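# Structural description and commentary
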Amino acid sequence: MTESITIIDNRTGESLEIPIANGGVDAADWRKLLPGIWFHDPGLATTSGAESAITELDGENGILRYRGYPIEQLAEKSTFLEVSYLLLNGELPNQQQSDEWVNEITHHTYLHDKFRRKMYDSYHYDAHPMGLLCSNVAGLSTFYPDSKDIDDPANRMKQAVRLIAKMPTLATSAYRHSVGQPFVFPDNTLDYASNFLRMMFELGNPYEVDPAFQRAMEVLLILHADHEQNCSTTTARVVGSSHTDPYTAMSAACAALYGPRHGGANEAVLNMLDSIGSYENVEPFIEGVKAGNERLMGFGHRVYKNYDPRARIIKEAAHDVFAVTGTNPLLDIALKLEEAALSDEYFISRKLYPNVDFYSGLIYESMGFPRNMFTVLFAIGRMPGWLSHWNEMLDQDSRIARPRQLYIGEPERDYIAMGDR
Ligand code: SDX
């Protein structure tokens, strides 16, 4: 049996054998046989848009690996900055590379002071932090015009350092603006996660970082760091393929993440648990989902047709946080919801399992993050993933993304004068 497919055009009887390589068949081949005929796949559910060496997902078996390393091992043994280095460079750093990398990130956390003052003051106090993040990431491009030189790999890495380093500062500034608190400047003596927590929560007294919170933050950022061609990463690659600068490409990725079907789901899960309100309402809610009146937010996934491995790790991390904060009262509803869904034919037949967003919000809320910050936390974690794919796409000298369409509109017709309409 040869690793290939044969396509036959029944209109002409012509056929073409196309090899199967790396799990795919090359569209350039069938264009020879079928000029002007497009494979129609609007949700891109069965289409590969890239060759990538960064992250591997096995949806049937619930497997996630960054550059070959299982997510379970990285969550247990690594740090977010080490994982960021791994995603961008392809290998774990040695001690010297790690020290240089951490030093670089640590010393690029500040925002230009004019940016900090002018950009945030122009927003309403109750602006959603994701709205601020999307526009402020794009706004950074105006302070770094050198970022347009996307052909220089060293320059691309310099911008990647700036973006990874500044995300916590952008995020916490958005939060502090929304609650009318003064901004907290980065403290270069702290590690990345501790610095982020301090910039979020310090108010009046020195903020003591609880080790359980610091480790939970590291794990949550690692788990969100990349996920192959998800909606926002595909956006980063598509927008980046026009050769715009990385800040505007990453702001587009932030915008894609904002949606409740994607990164906005963690905020939607907590709102859903609130609306269910009690143990007794779980069954009626499940019936509403099966009737198509609701979506079970935090459930389902385009790739995972098994338990999302990240959801399992987050569920374990939750216990460490709850040991400090006390259990989130919504946890019982979430556990009952999961139990009811996993034993119901509607969800089993559709292979709907908890995804990364189902439990993450419970931890964030228990740590003191407001719900409108949950997707911002997701964006901080995903930034190295977006940058790695953007960098890989440019390294591959990819063509500009420009798909075709199936036209279903009106045939040619003549203009109608106003009096005749
Ligand atoms: C993330 O892609 C990634 O990798 C994303 C992500 C990442 O790390 O980047 O993993 C992060 O975005 C996780 C997903 C977070 N979103 C949610 O939790 C929102 C709720 N989930 C869904 O909206 C949905 O499951 C999606 C968007 C995640 C996936 O949608 P698909 O693959 O397009 O699946 P579908 O909508 O075609 O659903 C297939 C069937 C449908 O039923 P039928 O029409 O066949 O009867 O399953 C049903 C859907 O109605 N279904 C759900 C459901 N998700 C799918 N029914 C109830 N509740 C749900 N959550």
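Report on the accompanying structure.

Here is what the cut-offs are and how they apply
- Residues numbered from 1 in each chain as written.
- Predicted model: local features only at pLDDT ≥ 70, side-chain atom pairs only at ≥ 80, totals over all residues.
- Heavy atoms only, no water.
- Salt bridge = Lys/Arg side-chain N within 4 Å of Asp/Glu carboxyl O.
- Helix = DSSP H or I, 4+ residues; strand = E, 2+ residues; numbered from the N terminus.
- Buried < 20%, exposed > 50% of the residue type's maximum accessible area, 1.4 Å probe, protein only.
- Pairing = 2+ DSSP bridges.
- Expected span 1.5 Å × (residues − 1).
- Polar contact = N/O pair within 3.5 Å; in protein donor to acceptor, adjacent residues only side chain to side chain.
- Core = buried A, V, L, I, M, F, W, Y, C linked by side-chain atoms within 4.5 Å.
- Contact = heavy atoms within 4.5 Å.
- Disulfide = S-S within 2.5 Å.
- Near = heavy atom within 4 Å.
- Areas by Shrake-Rupley, 256 points an atom, 1.4 Å probe, with all protein chains shown as cover.
- Nonpolar A, V, L, I, M, F, W, Y, C, P; charged D, E, K, R; others polar.
- Phe/Tyr/Trp six-rings, centres within 6.5 Å; stacked < 30°, edge-to-face > 60°.
- Lys NZ or Arg CZ within 6 Å of the ring centre and 35° of its normal.
- Arc of directions from axis to C-beta.
- Axes fitted to C-alpha atoms, helices over the stretch in contact; angles between N-to-C directions.
- Parallel < 35°, antiparallel > 145°, perpendicular 65-115°, else oblique.
- Left-handed = near helix turned anticlockwise from the far one by under 90°.

## What to know about the pattern of salt bridges
This model, assessed by the stated rule, comprises 16 salt bridges. Among the ionic pairs, R237 bridges to E392, the shortest N-O distance being 3.0 Å. Of the two residues, R237 is situated in helix α10 (residues 231-240) and E392 in helix α18 (residues 374-395); the sequence distance between them amounts to 155 residues. Judged by relative accessible area, R237 falls into the buried class, the value being 7%. Taking relative accessible area as the criterion, E392 reaches 11% and is therefore assigned buried. Linked through salt bridges whose partners overlap, the residues forming this network are D146, K158 and R162.

## Here's the deal with the pairing of strand β3 (residues 55-58)
Side-chain alternation along β3 places T55 and L57 on a buried face and E56 and D58 on a face that remains uncovered. Bridging between β3 and strand β4 (residues 63-66) involves 4 bridges; their strand directions are antiparallel. Note that in β4 the partner of L57 across the bridge is L64.

## What about helix α9 (residues 211-223)?
For α9, which comprises 13 residues, the first-to-last C-alpha distance of 18 Å matches the rise-based estimate of 18 Å (1.5 Å per residue) to within 8%. Within α9, 11 of the 13 residues are buried, which leaves it mostly tucked inside the rest of the structure. With a side-chain oxygen positioned 2.7 Å from the backbone nitrogen of A212, the residue opening α9 is D210.

## Observations regarding the nonpolar core
Ranked by internal contacts, the top residues of the largest apolar core, which has 111 residues, are Y66, M217, M250, M272, L296, L337 and F369. Ranked by residue count, the leading element in this core is α18, at 12 residues. Those residues in contact with M250 that sit more than four places away from it in its chain are V137, L163, A236, M383, W386, L387 and W390.

## Some details on the state of the cysteines
In the structure shown here, the tally under the stated rule is 0 disulfides. Its sulfur unpaired, C231 is 12 Å from the next cysteine sulfur, which belongs to C134. Left unpaired, C254 is separated from the closest cysteine sulfur, that of C134, by 5.2 Å.

## Topic: the site of the ligand
Of all residues adjacent to the ligand, which total 23 residues, the nearest are H227, H301, R302, R310 and R382. The side chain of N355 places a nitrogen or oxygen atom 3.0 Å from an oxygen atom of the ligand. In isolation the ligand offers 1,100 Å² of accessible surface; the protein chains occlude 74% of this area. When its residues are assigned to classes, the shell around the ligand shows 9 nonpolar, 7 polar and 7 charged.

## Digging into the packing of aromatic side chains
The relation between two aromatic rings is expressed through the spacing of the ring centres and the mutual angle of the planes. Taken as a whole and assessed by the stated rule, the structure comprises 16 aromatic pairs. With 6.1 Å between their ring centres and 80 degrees between their planes, Y364 and F369 make a pair best called edge-to-face. Taking the relative accessible area as the measure of exposure, Y364 reaches 1% and is therefore buried. Through a chain of ring-to-ring contacts, the aromatic side chains of F196, F201, Y207, Y364, F369 and F374 assemble into a single cluster. The ring of Y346 is capped by R350, whose NZ or CZ atom sits 3.8 Å from the centre of that ring.

## Focus: the pairing of strand β2 (residues 14-19)
Regular strands place side chains that alternate from one sheet face to the opposite one. By the bridge criterion, 6 bridges tie strand β1 (residues 4-9) to β2 in an arrangement that is antiparallel. Within β2, the residue paired with I7 across the bridge is L16. Here β1 folds back onto β2 in antiparallel fashion, the turn holding 4 residues, of which G13 has a positive phi close to 80 degrees.

## Thoughts on helix α4 (residues 95-106)
Helix length check: α4, at 12 residues, gives a terminal C-alpha distance of 16 Å against a target of 16 Å (1.5 Å per residue), a fit within 8%. Of all the positions in α4, only S98, W101, I105 and T106 are classed as buried. Across the axial projection of α4, the buried residues extend over an arc of 130 degrees, all falling on one side. Check the buried side of α4 and you find it contacts α3 (80-89), α7 (153-178) and α8 (192-201). Between a side-chain oxygen at the N-terminus of α4 and the backbone nitrogen of Q96 the separation is 3.1 Å; the capping residue is N94.

## Details of the packing of α10 against helix α11 (residues 246-258)
Between α10 and α11, the shortest axis-to-axis distance is 8 Å and the interhelical angle comes to 150 degrees. In terms of axis orientation, α10 runs roughly antiparallel to α11. The way α10 lies across α11 gives a crossing that is right-handed. Residues C231, S232, T235, A236, V239 and G240 of α10 form the contact with α11, whose participating residues are T248, A249, M250, A252, A253, A256 and L257. Class assignment of the residues belonging to the contact of α10 with α11 gives a composition of 9 nonpolar, 4 polar and no charged.

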